[in-house]
Amino acid sequence: MTDPTEPNSLRAVMEQLAAAEAERALGETPLSARERRARTVARLAAVQALYQMELGGEGVETVVKEFSDHRFEADTDEGVLAEADETYFAEIVRGVVAEQAAVDGAITKRLADGWKINRLDSTLRALLRAGAWELMHRPDTPKEVVLDEYVELAKAFFDDRDARFVNAALDGVARDVRG
């Protein structure tokens, strides 16, 4: 697994996500290509922030401020995070924290019997939480977009087996919350 906080890996992750977006048809969406990319970067940053919060024990507002003040600057992280939709990023991170019990419950429902969310890898938990929150609270974003984005993020950090797990878990959450 790649360390999601490692700045040198951000460019490679974004290139992988851009290639995946070019290969898939996202259907009709009111967002421009630039706006879609800004949301992709926001999702990556949200996963990083959730991971950082879990490992460092920092509060949500501290981490949102750190990203806003330092990580989204054009001269850091090879400028990759500077493309993020900062509002969308903050909405995901704050939303996951505010709704964590419901989000975790929705994910746990889709885990194998006897499995608890705390048994999952921290990065995998962050991916699932962000994706589940979007499925639960952003009905304006097509479920296919949410699934594709988080599966591609999973592929950037894990092997295909874990990416398939993310796909299955989030697809189950989508069926539960969106029908």
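This structure is a prediction, so every number in the text was calculated from the model and none was measured. (Residues numbered from 1 in each chain as written. Predicted model: local features only at pLDDT ≥ 70, side-chain atom pairs only at ≥ 80, totals over all residues. Heavy atoms only, no water.)

J.: Tell me about the overall build of the protein, residues and numbers included.
T.: From N to C terminus, the protein includes eight helices and zero strands. Listing the helices and strands of the protein from first to last along the sequence gives α-α-α-α-α-α-α-α. Here the protein holds 179 residues, and the buried ones make up 49% of them. By sequence separation, contacts in the protein at least 24 residues apart represent 72% of the contacts at least 6 residues apart. When the accessible surface of the protein is split by element, carbon and sulfur atoms take 48% of a total near 8500 Å². (Helix = DSSP H or I, 4+ residues; strand = E, 2+ residues; numbered from the N terminus. Buried < 20%, exposed > 50% of the residue type's maximum accessible area, 1.4 Å probe, protein only. Contact = heavy atoms within 4.5 Å. Areas by Shrake-Rupley, 256 points an atom, 1.4 Å probe, with all protein chains shown as cover.)

J.: Residues and numbers for the nonpolar core, please.
T.: Ranked by internal contacts, the top residues of the largest apolar core, which has 51 residues, are Phe89, Val93 and Tyr150. Counting only elements with at least two residues in this core, the list comes to helix H2 (33-56), helix H3 (60-71), helix H4 (86-98), helix H5 (100-108), helix H6 (122-137), helix H7 (143-157) and helix H8 (160-178). Among the elements that make up this core, the one with the highest residue count is H2 (ten residues). (Core = buried A, V, L, I, M, F, W, Y, C linked by side-chain atoms within 4.5 Å.)

J.: Run through the environment of Val97, naming residues and quoting values.
T.: Here Val97 lies in helix H4. For the pair Val97 and Met53, spaced 44 residues apart in sequence, the C-alpha to C-alpha distance is 9.9 Å. The residues contacting Val97, other than those within four sequence positions of it, are Met53 and Val60.

J.: Let's hear about the side chain of Arg138: which residues, and what values?
T.: In this structure, Arg138 sits in the loop between H6 and H7. Under the relative-accessibility criterion, Arg138 is labelled buried at 10%. A polar contact is formed between the side chain of Arg138 and the side chain of Glu91, at a distance of 2.8 Å. Filtering out sequence-adjacent residues up to four positions away, Arg138 remains in contact with Arg39, Tyr88, Glu91, Trp133 and Arg178. (Polar contact = N/O pair within 3.5 Å; in protein donor to acceptor, adjacent residues only side chain to side chain.)

J.: How would you sum up the packing of H2 against H6? Please name residues and give values.
T.: Between H2 and H6, the least distance of the axes is 9 Å, while the angle of their chain directions is 125°. Judged by the inter-axis angle, H2 sits oblique to H6. Pair H2 / H6 crosses with right-handed handedness. From H2, Arg43, Val47, Leu50, Tyr51, Glu54 and Leu55 reach across to H6, where they touch Ser122, Thr123, Arg125, Ala126, Leu127, Arg129, Ala130 and Glu134. Along the lines of polarity and charge, the residues of the contact of H2 with H6 split into seven nonpolar, two polar and five charged. (Axes fitted to C-alpha atoms, helices over the stretch in contact; angles between N-to-C directions. Parallel < 35°, antiparallel > 145°, perpendicular 65-115°, else oblique. Left-handed = near helix turned anticlockwise from the far one by under 90°. Nonpolar A, V, L, I, M, F, W, Y, C, P; charged D, E, K, R; others polar.)

J.: Give a detailed account of the packing of aromatic side chains, specifying residues and quantitative values.
T.: The tally for this structure, following the rule as stated, stands at three aromatic pairs. Residue placement shows Arg39 over the ring face of Tyr88; its charged tip is 4.0 Å from the ring centre. Between Arg119 and the ring centre of Trp115, over which it is positioned, the NZ or CZ distance is 3.8 Å. (Phe/Tyr/Trp six-rings, centres within 6.5 Å; stacked < 30°, edge-to-face > 60°. Lys NZ or Arg CZ within 6 Å of the ring centre and 35° of its normal.)

J.: Provide a residue-level description of H6, including the pertinent values.
T.: With 16 residues, H6 ought to run about 22 Å at 1.5 Å a step, and its terminal C-alpha atoms sit 22 Å apart, in line with that. Among the 16 residues in H6, 14 count as buried, and that is most of the element. (Expected span 1.5 Å × (residues − 1).)

J.: Now, about the packing of H6 against H7: what can you tell me, with residues and values included?
T.: Two elements in contact, H6 and H7, have axes separated by 10 Å at closest approach and are oriented at 170°. When the axis of H6 is compared with that of H7, the two are roughly antiparallel. Here Thr123, Leu127, Ala130, Gly131, Glu134 and Leu135 of H6 lie close against H7, whose contacting residues are Lys143, Val146, Tyr150, Leu153, Ala154 and Phe157. Here the contact of H6 with H7 is built from residues that sort into eight nonpolar, two polar and two charged.

J.: Can you tell me about the environment of Ser122, naming the residues and giving the values?
T.: Residue placement: Ser122 occurs in helix H6. Taking relative accessible area as the criterion, Ser122 reaches 14% and is therefore assigned buried. Sequence separation between Ser122 and Glu54 is 68 residues; the distance between their C-alpha atoms is 7.5 Å. At 3.2 Å, the side chain of Ser122 forms a polar contact with the side chain of Arg125.

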